[in-house]
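# Commentary on secondary and tertiary structure
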Amino acid sequence: GKRGTNTFIISEAKGLKVGDVVELQLFNKEGENADIIKALYNNAAVKPGSHHWKFPTLPIVRQQVEIVKISNNKVTIKTPLLLEIKTNYQAQLVEWKHLSEVGIEHLSFTFPNTPRVAHHVEQGYNAIFLTRIYNSWVRDVVIHNAESGILTEEIANVTIEDIVTDGDNIAHYTVAMGGVHNVLVKNLKVYNNAVHPLSFNTFSSKDVYQNCEIFTNPNLDQHAGANHQNLFDNIKVHFTPKADNSYPLFLAGGADYWRPSHGAFTTFWNIDVDVIGKFDSSKTILLNGMDDGPFARIIGVHGNQNLKIEYGPDVYIEFLNKTISTTPSLYDYQLKKRLE
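Rules of the game
- Residues numbered from 1 in each chain as written.
- Predicted model: local features only at pLDDT ≥ 70, side-chain atom pairs only at ≥ 80, totals over all residues.
- Heavy atoms only, no water.
- Helix = DSSP H or I, 4+ residues; strand = E, 2+ residues; numbered from the N terminus.
- Rg over C-alpha atoms; globule rule 2.2 N^0.38 Å.
- Buried < 20%, exposed > 50% of the residue type's maximum accessible area, 1.4 Å probe, protein only.
- Pairing = 2+ DSSP bridges.
- Salt bridge = Lys/Arg side-chain N within 4 Å of Asp/Glu carboxyl O.
- 1 Å grid on protein atoms, 1.4 Å probe; cavity = no way out; pocket = protein on both sides within 12 Å on 5 of 7 lines; lining within 4 Å.
- Points joined across faces, edges and corners; volume = space filled by probe spheres on them.
- Nonpolar A, V, L, I, M, F, W, Y, C, P; charged D, E, K, R; others polar.
- Polar contact = N/O pair within 3.5 Å; in protein donor to acceptor, adjacent residues only side chain to side chain.
- Contact = heavy atoms within 4.5 Å.
- Core = buried A, V, L, I, M, F, W, Y, C linked by side-chain atoms within 4.5 Å.
- Axes fitted to C-alpha atoms, helices over the stretch in contact; angles between N-to-C directions.

This brings us to the overall build of the chain. When you go through the chain residue by residue, the secondary structure sums to two helices and 27 strands. Against the compact-globule benchmark of 20 Å for 340 residues, the chain has a radius of gyration of 20 Å, which places it among compact chains. Dimensions of the chain, computed from C-alpha atoms along their principal axes, come out at roughly 65 × 45 × 45 Å. Expressed as a percentage of its 340 residues, the buried residues of the chain come to 51%.

The three strands lie next to each other as E20-E23-E26, forming an open sheet whose pairing is parallel. Each edge of the open sheet carries a strand with a single partner, namely strand E20 (246-247) and strand E26 (307-309). Pairing analysis gives two bridges linking E20 to strand E23 (residues 285-287), with the strands arranged parallel. Each residue of the ladder has a partner; that of Tyr-247, found in E23, is Leu-287.

This paragraph deals with the pattern of salt bridges. When their charged atoms lie close together, side chains carrying opposite charge are able to pair. Per the stated rule, a full pass over the model turns up 13 salt bridges. Measuring nitrogen to oxygen at the nearest pair gives 3.8 Å for the salt bridge that ties Glu-32 to Lys-47. With a gap of 15 residues between them, Glu-32 in the loop between strand E2 (21-26) and helix H1 (35-40) and Lys-47 in the loop between H1 and strand E3 (61-71) connect regions that are remote in the sequence. Look at Lys-47 and you get exposed, because its relative accessible area is 66%. We note a salt bridge from Asp-292 to Arg-259, for which the minimum N-O separation is 3.7 Å. Placement of Asp-292 in the loop between E23 and strand E24 (297-299) and of Arg-259 in the loop between E20 and strand E21 (267-269) is noted, with a sequence separation of 33 residues between them. A residue is classified by how much of its surface remains accessible, and Arg-259, at 18% relative accessible area, is buried. The structure contains a network of salt bridges with shared partners spanning Glu-105, Arg-139 and Glu-161.

Attention shifts here to empty space enclosed by the protein. Applying the stated criterion across every chain, the model contains four cavities of 30 Å³ or more. The residue inventory of the lining of the largest cavity, partitioned by class, reads six nonpolar, four polar and three charged.

The next subject is the side chain of Gln-63. Counting through the fold element by element, Gln-63 comes out in strand E3. A polar side-chain atom of Gln-63 sits 3.0 Å from the main-chain amide nitrogen of Leu-82. If near-sequence neighbours (up to four positions away) are discounted, Gln-63 is found in contact with Val-22, Glu-23, Leu-24, Thr-79, Pro-80, Leu-81, Leu-82 and His-181.

Take the nonpolar core next. It is characteristic of soluble globular proteins that their nonpolar side chains tend to be buried jointly. Ranked by size, the top nonpolar core spans 48 residues in total, and within it Val-273 and Leu-287 carry the most contacts. Residues contacting Leu-287, with those up to four places away along its chain left out, are Phe-239, Tyr-247, Leu-249, Phe-250, Val-273, Val-301, Leu-307, Lys-308, Ile-309 and Glu-310. Formed by 29 residues, the second largest nonpolar core is a distinct cluster that contains Ile-36, Ile-77, Tyr-89 and Trp-258.

Bringing the layout of surface pockets into the picture now. Reported here for the largest pocket is a volume of approximately 1000 Å³. In terms of lining residues, the largest pocket is bounded by 32 residues, among which Asn-182, Lys-206, Tyr-331, Gln-334 and Arg-338 are the most central. Of all the secondary structure elements, the ones that give two or more residues to the lining of the largest pocket are E3, strand E9 (133-144), strand E11 (156-166), strand E13 (181-190) and helix H2 (330-339). Reported here for the second largest pocket is a volume of approximately 340 Å³. Lining the second largest pocket we find 16 residues, and of these Ile-9, Ile-10, Ser-11, Ala-91 and Gln-92 sit closest to its centre. If you list the elements that add at least two residues to the lining of the second largest pocket, you get strand E1 (7-9) and strand E5 (92-95). Classifying every residue of the lining of the second largest pocket gives eight nonpolar, five polar and three charged.

Overall, antiparallel pairing links the five strands, which are arranged E1-E4-E3-E2-E5 in an open sheet. Across the chains shown, the open sheet's two edge strands, defined by having one partner strand only, are E1 and E5. Between one strand axis and the next, the sheet turns by 45° as a mean value, whatever way the strands run. Where E3 meets strand E4 (residues 74-77), four bridges bridge the pair, whose relative direction is antiparallel. Looking at the pairing, Ser-71 lines up with Lys-74 of E4.

Right, let's talk about unusual backbone geometry for a bit. With an omega of 10°, the peptide bond running from Arg-259 to Pro-260 counts as cis. Tracing the backbone shows Pro-260 in the loop between E20 and E21. You will see that His-120, though not glycine, has its phi angle at about 70°, which is positive. Looking at the element boundaries, His-120 is found in the loop between strand E7 (103-110) and strand E8 (126-131). Among the residues examined, His-120 registers a relative accessible area of 59% and is labelled exposed.

A word on the environment of Thr-266. The topology assignment puts Thr-266 in the loop between E20 and E21. Relative accessible area serves as the criterion here: at 0%, Thr-266 is assigned to the buried category. The spacing of Thr-266 and Leu-231 is 35 residues in sequence and 6.0 Å in space, taken between C-alpha atoms. Setting aside anything within four residues of it in sequence, one finds Thr-266 in contact with Gln-222, Gln-229, Asn-230, Phe-295, Ala-296 and Arg-297. At 2.7 Å, the side chain of Thr-266 and the side chain of Gln-222 are in polar contact.

As structure tokens, then:
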């Protein structure tokens, strides 16, 4: 199959039928210099961590896809392929057990004030954990003092919208995306202090944070683990810069064995930066924090101060210090094109 198309050829169609939602899995069976690693990072001059090749039975790219047509050995799916499928990837379609049309809405969670122990040693005050759901949603939820507001894993085609997280405790995540595909987080307001306020985590692909706002210590986290082709769309952040007039807006978490921080073609679109507090307003504000994420697209970063950006290899930057007023949301623009 070719990247960006909706069709591919399979060796055997037995057991498949139109309407099935299955998982397409791509593997690295070739080791450290595998073609699939080169494809993920677009041949960038980065050093992938060992988890990219140490587990050949672990699918390194996954898409949950709906089959819309089967013609002999040609399968058509509803959404485009993230990467070209080569025979040496030993790709496969597998049964994906899941629930559909699950909705959680109109409620709030309140957790007690608790002292922070350490990173990854939280006590478990997490509001919602979504796993193995499709065509589902969470909306209109307020979460107070959570260590993680909404966690996700193995979900697809899910919308999470109109979420508020606040409180005095330091959170790990607010609404995190981990191992998910085609997930939209929309209208998230983050008032509390979180280590990773917005986070594309391991194996996340083609996901979107849209119309979100971070009021406390923002960063746009990409957490390594072969996450790729994700979008930060029309995001607003508020922060006070460091003494040298810099701020690590693109600071990324994740373990070295899963780096780089992200794959090729992550996109930042129309990011609104509100610089507050005490700082030298006569000097340009430097946005940095990302050293290893390749081929990012950073379009329309602007704010109330003059800004400059330092980012990883092969970055493309356009409309710096300019608002994209005609098309504030790339997601909405692309949605309109699809519906046409």
